[in-house]
Amino acid sequence: MQIRLESSWLHLLEDQFEQPYFKKIKEFLLNEKKSATVYPPSARIFAALDFCPISETKVIIIGQDPYHNPGQAHGLSFSVPYGVMPPPSLVNIFKELKDDLGVSIPSHGNLEDWAKQGVLLLNASLTVRAHQAASHSEIGWQKFTDTIIERLSKEKENLVFLLWGSHAIKKKSLVAPNRGHLILEAPHPSPLSSYRGFFGCKHFSKTNAFLASKGLPTIDWEIK
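This text gives an overview of the structure that appears in the document. (Residues numbered from 1 in each chain as written. Predicted model: local features only at pLDDT ≥ 70, side-chain atom pairs only at ≥ 80, totals over all residues. Heavy atoms only, no water.)

**Some points on the pairing of strand E2 (residues 59-63)**
- The buried count for E2 comes to five of five residues, which makes it a mostly enclosed element.
- The alternating pattern of E2 places Val59, Ile61 and Gly63 on one face and Ile60 and Ile62 on the opposite face, and all of these are buried.
- Where E2 lies against strand E3 (residues 119-123), five bridges are found, and the strand directions are parallel. Pairing of Ile62 across the sheet is with Leu122, part of E3.
- When E2 meets strand E5 (residues 160-164), the two strands line up parallel, connected through three bridges. Among the inter-strand pairings, Ile60 is bridged to a residue of E5, identified as Phe161. (Buried < 20%, exposed > 50% of the residue type's maximum accessible area, 1.4 Å probe, protein only. Helix = DSSP H or I, 4+ residues; strand = E, 2+ residues; numbered from the N terminus. Pairing = 2+ DSSP bridges.)

Here is the structure:
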């Protein structure tokens, strides 16, 4: 697995690529692909970082791992490519977005427009075996993405962390204190849990209110 990464992230993380744990990730994936299908495609594994140079990153949404059905995963948490039906969690995100900001529910589930505005759509695990959720959660990705959260939160001020579900909420201990960051927590938008508090969390308007209070550009959350 050749590492090609947006330059600011490469500078921040380049020491990780020679660490034993990361070498084990690469070795695991090489072997895994001999007998199984892995998502997302290799060129999209680091898409979340490639869309969001560090200087542009304002909001972080942490997912668990990529979608594991054919055609869904393209390197951005919760997002699917054009032409792929939005999964239930994303449908609920759009419902909350409409209720919070009054924007229309889009006809697709591609969140690249968010990423291009500085929303880092980061999964805790960056790959998954086809049809097996969380199948790569123990291969070392957690250490890598935890490092991303830790270093980004030390590097920047006034970031917004949207932590949806217990898995994401556990990551709040990684966020550097005394850097002015806003951490917003809610249940996961999955249909299994969204009724317990994701609906009505108003994280989108709260994010923009915080960014505006810091003199930062707000996010246009409406997906065109």
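Now that the structure is up, let's keep going.
**A word on the environment of Glu14**
- Structurally, Glu14 can be placed in the loop between helix H1 (7-13) and helix H2 (20-35).
- A residue is classified by how much of its surface remains accessible, and Glu14, at 44% relative accessible area, is partly exposed.
- With 165 residues separating them along the chain, Glu14 and Arg179 place their C-alpha atoms 24 Å apart.

**So, the pairing of E5**
- With respect to burial, E5 is a largely interior element, five of its five residues being buried.
- Looking at chain direction, E5 and strand E6 (residues 182-186) are connected through five bridges and run parallel. Note on E6: the bridge partner recorded for Trp164 is Ala186.

**Some remarks on the side chain of Ser137**
- Topologically, Ser137 is positioned in the loop between strand E4 (128-129) and helix H6 (141-155).
- Among the polar contacts made by the side chain of Ser137, one reaches the main-chain carbonyl oxygen of Ala134 at a distance of 2.9 Å.
- Leave out the neighbours within four places in its chain, and Ser137 touches Ser125 and Gln142. (Polar contact = N/O pair within 3.5 Å; in protein donor to acceptor, adjacent residues only side chain to side chain. Contact = heavy atoms within 4.5 Å.)

**Side note on the packing of H2 against H6**
- In contact at an axis separation of 9 Å, H2 and H6 are set at 130° when each is read in the N-to-C sense. In terms of orientation, H2 lies oblique with respect to H6. Judged by the twist between their axes, the crossing of H2 over H6 is left-handed. Each of Tyr21, Phe22, Ile25 and Leu29 in H2 lies in contact with H6, whose residues at this interface are Trp141, Lys143 and Phe144.
- Split into classes, the residues belonging to the contact of H2 with H6 amount to six nonpolar, no polar and one charged. (Axes fitted to C-alpha atoms, helices over the stretch in contact; angles between N-to-C directions. Parallel < 35°, antiparallel > 145°, perpendicular 65-115°, else oblique. Left-handed = near helix turned anticlockwise from the far one by under 90°. Nonpolar A, V, L, I, M, F, W, Y, C, P; charged D, E, K, R; others polar.)

**Describing empty space enclosed by the protein**
- Per the stated rule, a full pass over the model turns up one cavity of 30 Å³ or more.
- Here the largest cavity is characterised by a volume of approximately 40 Å³.
- Contributing to the lining of the largest cavity are Pro40, Arg44, Ile45, Pro66, Gly75, Leu76, Asn123 and Leu126.
- Taken together, the residues that form the lining of the largest cavity break down as five nonpolar, two polar and one charged. (1 Å grid on protein atoms, 1.4 Å probe; cavity = no way out; pocket = protein on both sides within 12 Å on 5 of 7 lines; lining within 4 Å. Points joined across faces, edges and corners; volume = space filled by probe spheres on them.)

**Re the sheet that holds E3**
- If you walk across this open sheet you meet the four strands as E3-E2-E5-E6, and the pairing is parallel. Two strands lie at the open edges of the sheet, namely E3 and E6, each paired on one side alone. Each neighbouring strand pair of the sheet contributes to a mean axis angle of 20°, computed without reference to strand direction.
- Most of the contacts of H6 go to E3, to which it runs at about 150°, and overall it touches E2, E3 and E5.

**Examining the pattern of salt bridges**
- Tallied over the entire structure, the rule returns nine salt bridges.
- Residue Lys202 pairs with Asp99 through a salt bridge whose shortest N-O separation is 3.9 Å. With a gap of 103 residues between them, Lys202 in the loop between E6 and helix H8 (203-213) and Asp99 in helix H4 (residues 88-101) connect regions that are remote in the sequence.
- The class for Lys202 is partly exposed, based on a relative accessible area of 33%.
- You can call Asp99 exposed: its relative accessible area is 52%.
- Its salt-bridge partner being Asp220, residue Lys224 comes within 2.9 Å of it at the nearest N-O pair. (Salt bridge = Lys/Arg side-chain N within 4 Å of Asp/Glu carboxyl O.)

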